[in-house]
Amino acid sequence: MFIHFLLAMLPIIWLIIALSGLKMAGHVACPIALIITVIEALFLWKQKIIDVLTGGLEGFAMAIWPICLVIVAAVFTYNLVVHTKNMELIKKMLTSVSRDKRVLVLIIAWGFGGFMEGMAGFGTAVAIPAGILCGLGFEPIFAATVCLVANTTPVAFGSIGIPTVTAANVTGFSPHMTASYVVLQLAIMVILVPFLVVFITGKHEGAKGIGDYKEILFITLMSGLSFLVPQYLTAKFVGAELPAVIGSVCSMAVTIILAKVMLKGKASKFDVEIEDNDDTTMTVKDAFVAWSPFILVLLFLLLTSTLVPAIHDPLSAIKSNVPIYSGEGASPYTFTWVSTPGVLILIAAFIGGLIQGCPVGEIFVVLGKTVIQMFKTIITIMAVLATAKIMGYSGMTQSIADFIVRVTGSFYPLVAPLIGSIGTFVTGSSTSSSVLFSKLQASTGAELNINQIWLVACLLYTSDAADD
């Protein structure tokens, strides 16, 4: 059994060596892992060549539609807002609330960072807030550090929930239930992380004790709670796409209101020195135009969710069931053509771009540049998904699960969290970790007769910190 386990692990072992040891790029290492998997499936697990090929093809299909579509659409939305210069207006709005650095990290690193993770992911949740903080006078290394810490919890719902949606698709579990379990497992950290970023900021600025924090402890607590509660309700009743987006929006709103009411512009030793030579007044219209692509994304995803069956049901019916995998237990792969996040985000981005005064030709140019920008990521995800599908269909994943269950027995739940950390550390992506190990977690849960969805959620929960 150990030899079978070792051989089944070979593609994953290769990824560990290639990505961590050899520092090989993902779009190079992952196709090689796919080749190793194909060879093993054919000659060691004795799977028919047609089944191997169609299994890999199904992985490619899932990678392109909906996963890569969502990723490209989300990053395109962000790129378009940057292109139209409206990201500068958004920055100005976020920094107009308070000069207190502790409040600013709650609004920008925690709230806006969570929003960017939920909308686009792929580093934007650290790069953009850190850039804003640097522009306000924060030290670059500190700004990056505090944004990385703040981004430890929303990763499972990054890029419109794609890691969690992917895990649910791979395992066949309910996205609502999977997302709800992820939020429950993240709950303590969602409360603690705002305190952590505030204390890190205070310490960096010379805070001497708890007395230096007393005026914002309640704001910090509410910043976490106002993220957690909407996040859970969204996961349970809407799905896996919007928990981080809605949670972060609510958190920013509550933090801003409380800061305005409780601090009332009071000066403190933690205030940042902001030189603002821009005397122009921002109107409500300016704010709406700047945020319009994000507002439309949120609106479209909510209107087409199960909360509005009159819209959701007819749009969800526009789909094609295509038989791809030819082996035993095959079922058609479903392409949902309209009611899928990637399509809705693209439509919202185009409309938002037009509202922001961007010509149609320029919008297409930004889209083209985004596809080129994300091309290596697309290759990586296609290879990883094909690898995971072939491993699952051939029995390689089951061989890994059987060995782990035999070795760890009823103690496996104690080991399970490490799987997500290792997977994300190796692949550099919570989504890729979901693809590689979600089926393994589910299979192991079935072997041990314990809650399979909870184990899959555990994989996503531990992927969060590792992704950063």
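Not measured: the values here are computed from a predicted model. (Residues numbered from 1 in each chain as written. Predicted model: local features only at pLDDT ≥ 70, side-chain atom pairs only at ≥ 80, totals over all residues. Heavy atoms only, no water.)

Novice: I keep staring at the packing of helix α3 (residues 26-43) against helix α4 (residues 49-83) and nothing clicks. Help me out?
Specialist: Two numbers describe a pair of packed helices, the interaxial angle and the distance between the axes. Where α3 contacts α4, the axes come no closer than 9 Å and their chain directions differ by 150°. Taken together, the axes of α3 and α4 lie roughly antiparallel to each other. Considering how the two elements wind past one another, α3 and α4 form a crossing that is right-handed. Every residue of α4 that contacts α3 at L34, V38, A41 and L42 is listed here: I49, V52 and F60. The residue inventory of the contact of α3 with α4, partitioned by class, reads seven nonpolar, no polar and no charged. (Axes fitted to C-alpha atoms, helices over the stretch in contact; angles between N-to-C directions. Helix = DSSP H or I, 4+ residues; strand = E, 2+ residues; numbered from the N terminus. Parallel < 35°, antiparallel > 145°, perpendicular 65-115°, else oblique. Left-handed = near helix turned anticlockwise from the far one by under 90°. Contact = heavy atoms within 4.5 Å. Nonpolar A, V, L, I, M, F, W, Y, C, P; charged D, E, K, R; others polar.)

Novice: How do you make sense of a nonpolar patch on the surface when you look at a structure like this?
Specialist: A surface patch of nonpolar side chains, amounting to about 490 Å² of accessible area, comprises F218, L221, L225, I257, V261 and M262. Within the residue set of the nonpolar patch, elements represented by two or more residues are α11 (217-237) and α12 (243-263). Locating L225 in the fold gives a position in helix α11. (Patch = residues over 30% accessible without salt bridge, like charges linked within 9 Å, V, L, I, M, F, W, Y side chains within 5 Å. Areas by Shrake-Rupley, 256 points an atom, 1.4 Å probe, with all protein chains shown as cover. Salt bridge = Lys/Arg side-chain N within 4 Å of Asp/Glu carboxyl O.)

Novice: Would you explain the nonpolar core in this entry?
Specialist: Generally speaking, nonpolar side chains in soluble globular proteins are found buried as a group. Counting 125 residues, the largest nonpolar core has I90, F112, F115 and V197 as its most contacted members. Here the element with the most residues in this core is α4; it accounts for 16 residues. The residues contacting F115, other than those within four sequence positions of it, are V245, S248, V249, M252, W291 and F294. Counting residues in hydrophobic clusters, the runner-up holds 19 residues, among them F5, A8, A416 and F437. (Core = buried A, V, L, I, M, F, W, Y, C linked by side-chain atoms within 4.5 Å. Buried < 20%, exposed > 50% of the residue type's maximum accessible area, 1.4 Å probe, protein only.)

Novice: I'm lost on the pattern of salt bridges in this one. Help?
Specialist: Oppositely charged side chains can form a pair if their charged atoms are brought close together. Throughout the structure, instances matching the rule amount to three salt bridges. Note that K389 is salt-bridged to E58, the shortest N-O span being 3.1 Å. Residue K389 is found in helix α17 (residues 375-394), and its partner E58 is found in helix α4; the two are separated by 331 residues along the sequence. Neither K389 nor E58 differs from the other in exposure class; each is buried. Its salt-bridge partner being D100, residue R102 comes within 2.7 Å of it at the nearest N-O pair. One connected set of salt bridges, linked through shared partners, spans D100, R102 and E215.

Novice: Before we go on, may I ask you to explain helix α8 (residues 140-150) in this structure?
Specialist: The periodicity of an α-helix, 3.6 residues per turn, causes residues three or four positions apart to be oriented the same way. Within the span of α8, buried status applies to F142, A143, V146, C147, V149 and A150. For α8, the angular spread of the buried residues around the axis is 160°, confining them to a single face. In α8, the exposed residues that point more than 90 degrees away from the buried face are P140 and I141. (Arc of directions from axis to C-beta.)

Novice: Explanation requested: the side chain of T37 in the structure shown.
Specialist: Relative to the assigned elements, T37 resides in helix α3. Given the relative accessible area of 0%, T37 is considered buried. Side-chain polar atoms of T37 contact the backbone oxygen of A33, separated by 2.8 Å. Residue contacts for T37: discarding those within four places in its chain leaves P11, T387, I390, M391 and M396. (Polar contact = N/O pair within 3.5 Å; in protein donor to acceptor, adjacent residues only side chain to side chain.)

Novice: I tried to follow the environment of I311 on my own but got confused; where do I start?
Specialist: With respect to the secondary-structure elements, I311 resides in helix α14 (residues 309-316). The class of I311 is partly exposed, set by a relative accessible area of 31%. Dropping the residues within four chain positions of it, I311 is found in contact with L303 and T304.

Novice: Sorry, what's going on with the packing of aromatic side chains here?
Specialist: The geometry of an aromatic ring pair is captured by the separation of the ring centres together with the interplanar angle, meaning the angle of the planes. Tallied over the full model, the rule gives 18 aromatic pairs. A centroid spacing of 6.3 Å and a plane angle of 20° characterise the contact between F112 and F115, whose relative ring orientation is stacked. In this pair, F112 and F115 both sit in helix α6 (residues 101-119), three residues apart, roughly one turn of the helix. F115 gets classed as buried once you look at its relative accessible area, which sits at 4%. Through a chain of ring-to-ring contacts, three or more aromatic side chains come together here, namely W65, Y333, F335 and W337. Sitting over the face of the ring of F138, K101 holds its NZ or CZ atom 5.2 Å from the ring centroid. The lysine or arginine in question, K236, covers the ring of F237, its NZ or CZ lying 6.0 Å from the ring centre. (Phe/Tyr/Trp six-rings, centres within 6.5 Å; stacked < 30°, edge-to-face > 60°. Lys NZ or Arg CZ within 6 Å of the ring centre and 35° of its normal.)

Novice: It is not clear to me how the packing of α4 against helix α16 (residues 360-373) should be interpreted in this structure. Could you clarify?
Specialist: At their nearest, the axes of α4 and α16 sit 9 Å apart, and the two run at 130° to each other. Classified by the angle their axes make, α4 and α16 are oblique. Along this stretch, α4 crosses α16, giving a crossing that reads as right-handed. Here V72, V75, F76, N79, L80 and H83 of α4 come into contact with α16, specifically with E362, I363, V366, L367, T370, V371 and Q373. Class assignment of the residues belonging to the contact of α4 with α16 gives a composition of eight nonpolar, four polar and one charged.

Novice: Is there a simple way to explain the state of the cysteines in this structure?
Specialist: Every disulfide links exactly two cysteines, by a covalent bond between their sulfur atoms. Taken as a whole and assessed by the stated rule, the structure comprises zero disulfides. The thiol of C30 is not disulfide-bonded; the next cysteine sulfur, from C68, is found 12 Å away. (Disulfide = S-S within 2.5 Å.)

Novice: What is the right way to look at unusual backbone geometry in this model?
Specialist: If a residue is not glycine, its phi is most likely negative; likewise, a peptide bond is most likely trans. Put simply, W65 and P66 share a cis peptide bond, and its omega is 25°. Looking at where P66 falls in the secondary structure, it is placed in helix α4. Positive phi, normally seen in glycine, also occurs at K23, with a value near 55°. By the secondary structure assignment, K23 is in the loop between α2 (10-21) and α3. Looking at K23, the relative accessible area reads 66%, which means it is exposed. With a phi angle near 70°, K85 is a residue other than glycine that sits in the positive phi range. Mapped onto the fold, K85 is located in the loop between α4 and α5 (86-94).

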